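# Observations on the model geometry
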Amino acid sequence: MNIEHLRHAAQIADEAVKNGPQPTAVIAVADRDTTLWTHVSPGEDGVSLDSIFLIASITKPVVATAIMRLVEEGNLLLNVPVATYLPEFGANNKEHVTSWHLLTHSSGLEEDQYWGELQALTTPPPPGFLYNAACSSYLHFDPGTAYQYNSLTFSVLSELIARLGGEPYPDYLRRHIFEPLGMTSTAFSPVDPARAAPIYDLGPPHVVAGFTSLAMPGGGLWSSAADLVAFGQAYLRGGTTAGGYKLLSPPSISLMTQHYTHGQKQFVSGTSFNYGLGWGKPSSPRDGDLLASERAFGHNGASGTTLWIDPQYGFVYVFLSNRWDMVDPLLTSARGLNVVYGAVDGA
């Protein structure tokens, strides 16, 4: 990796924070063993490399990792209907939805209504709000016939983790992923509020409080750059940490990081999308913006966050920001990621 070349990523981030609506930026680039380069554009929030950010939908591949651990333990089959394990979920013609459909966003589950109900609440939602909403919801299309990005489906996956893993899903994630990987700053609320970056434009205080209280498995984790690097490095190492902890097996990682939505059209827009099992995939070289290899995988978050892993070129890329549902941070992140690809040296 040509570290000098990475200054272009720093310049892009600094300019976006100085001149645009992006509040701040933290960037980290690592190989399988070492963090190679970091940069902080603190903005007015004064964040540091150790700050904790709401990583939003980067939560999804973390939950997907826990699901694959259940598969490896023989407790779950991805193509068996979810209602086999969670009978109440089969209501309203959902008896054929599988975990595979949930992980690839091809279940067809309606989620817009619950978002509206959540935003209308003036007090924290009751326990089980998300999973109960998923059980009472219905399907827009037959499972596996189309694609529709969905966060509510991950509440169903989290219930599978709880019942088949034998403990509440936040505890399962902490015990089997965060603690063994040394991810001490990762949880469903900031472990140290003094280090938490503010969230802009998520909503009024009661909405933010309600969001946090849900421990949302589709988008509620907080984390730091160092923790996300550790998670990415475990994937680069084929599922095993430097200390010898086995997060996943290479066959699981291979299965998760292939592209399964070829030919499927997005239910609303009719456009194609690129997804594996809990992980996003790059677009094809003909229509993509990234210099990524076909083996690459990653995920963005609506809070302006990115985790990207490319085993072919051997690096992990982390980009953290803190404005909800804005395009600018993700465009800045994509430009910075291309700079990282430009820094890859030939063997």
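The following refers to the structure shown. Please read all numbers here as calculations on a predicted model, not as lab measurements. (Residues numbered from 1 in each chain as written. Predicted model: local features only at pLDDT ≥ 70, side-chain atom pairs only at ≥ 80, totals over all residues. Heavy atoms only, no water.)

### Observations concerning the overall build of the protein chain
The criterion, for reference: Per the convention used, a helix needs a DSSP run of H or I reaching at least four residues, while a strand needs a run of E reaching at least two, with both numbered from the N terminus. Radius of gyration: C-alpha atoms only; globule rule: 2.2 Å multiplied by the number of residues to the exponent 0.38. Working definition: with a 1.4 Å probe on protein chains only, accessible area under 20% of the residue-type maximum means buried, over 50% means exposed, and in between means partly exposed. By definition, residues are in contact when any of their heavy atoms lie within 4.5 Å. The protein chains shown are the only cover counted for residues, whose accessible areas, like all others here, come from Shrake-Rupley with a 1.4 Å probe. His is not counted, nor are the chain ends; Lys and Arg add positive charge and Asp and Glu add negative charge. For the purpose of locating charges, the reference atoms are NZ of Lys, CZ of Arg, CG of Asp and CD of Glu.
Helices and strands together make up the secondary structure of the protein chain, namely eleven helices and seven strands. Computed over its C-alpha atoms, the radius of gyration of the protein chain comes to 19 Å, within 12% of the 20 Å expected for a compact globule of 347 residues. Taken over the C-alpha atoms alone, the protein chain extends approximately 55 × 45 × 40 Å along its principal axes. Within the protein chain, the fraction of its 347 residues that count as buried is 52%. In the protein chain, once contacts between residues fewer than 6 apart in sequence are set aside, the share between residues at least 24 apart is 68%. Summed over all atoms, the accessible surface of the protein chain reaches about 14,200 Å², with 52% contributed by carbon and sulfur. In the protein chain, 18 side chains carry a positive charge and 31 a negative one; their mean positions are 5 Å apart.

### A look at the pairing of strand β3 (residues 53-56)
What counts here: Only strands joined by at least two bridges in the DSSP assignment are considered to pair.
Both faces of β3 are covered, namely the face carrying Phe53 and Ile55 and the face carrying Leu54 and Ala56. Taken together, the three bridges between β3 and strand β4 (residues 221-223) define a ladder with antiparallel strand orientation. If you follow leucine 54 over to β4, its bridge partner there is tryptophan 222.

### Here's the deal with the packing of helix α1 (residues 7-19) against helix α11 (residues 327-342)
Let me state the cut-off plainly: Think of each axis as a best-fit line through the C-alpha atoms, taken over the contacting stretch in the case of a helix, with angles from 0 to 180 degrees between the N-to-C directions. In what follows, roughly perpendicular refers to angles from 65 to 115 degrees, roughly parallel to angles under 35, roughly antiparallel to angles over 145, and oblique to any angle outside these ranges. Each crossing gets its hand from how the near helix is turned against the far one by less than a right angle, where anticlockwise is left-handed and clockwise is right-handed.
The interhelical angle for the contact between α1 and α11, taken along N-to-C directions, is 165 degrees, at an axis separation of 8 Å. As the angle between them shows, α1 and α11 are arranged roughly antiparallel. The two elements α1 and α11 cross, and the hand of that crossing is right-handed. Side by side, α1 and α11 meet where His8, Ala9, Ile12, Ala13 and Ala16 of the first sit next to Thr332, Arg335, Gly336 and Val339 of the second.

### Digging into unusual backbone geometry
For histidine 105, which is not a glycine, the phi torsion comes out positive at approximately 60 degrees. Its location among the elements puts histidine 105 in the loop between α3 (99-103) and α4 (112-120). Of note, the phi angle at alanine 215 is positive, near 45 degrees, even though the residue is not glycine.

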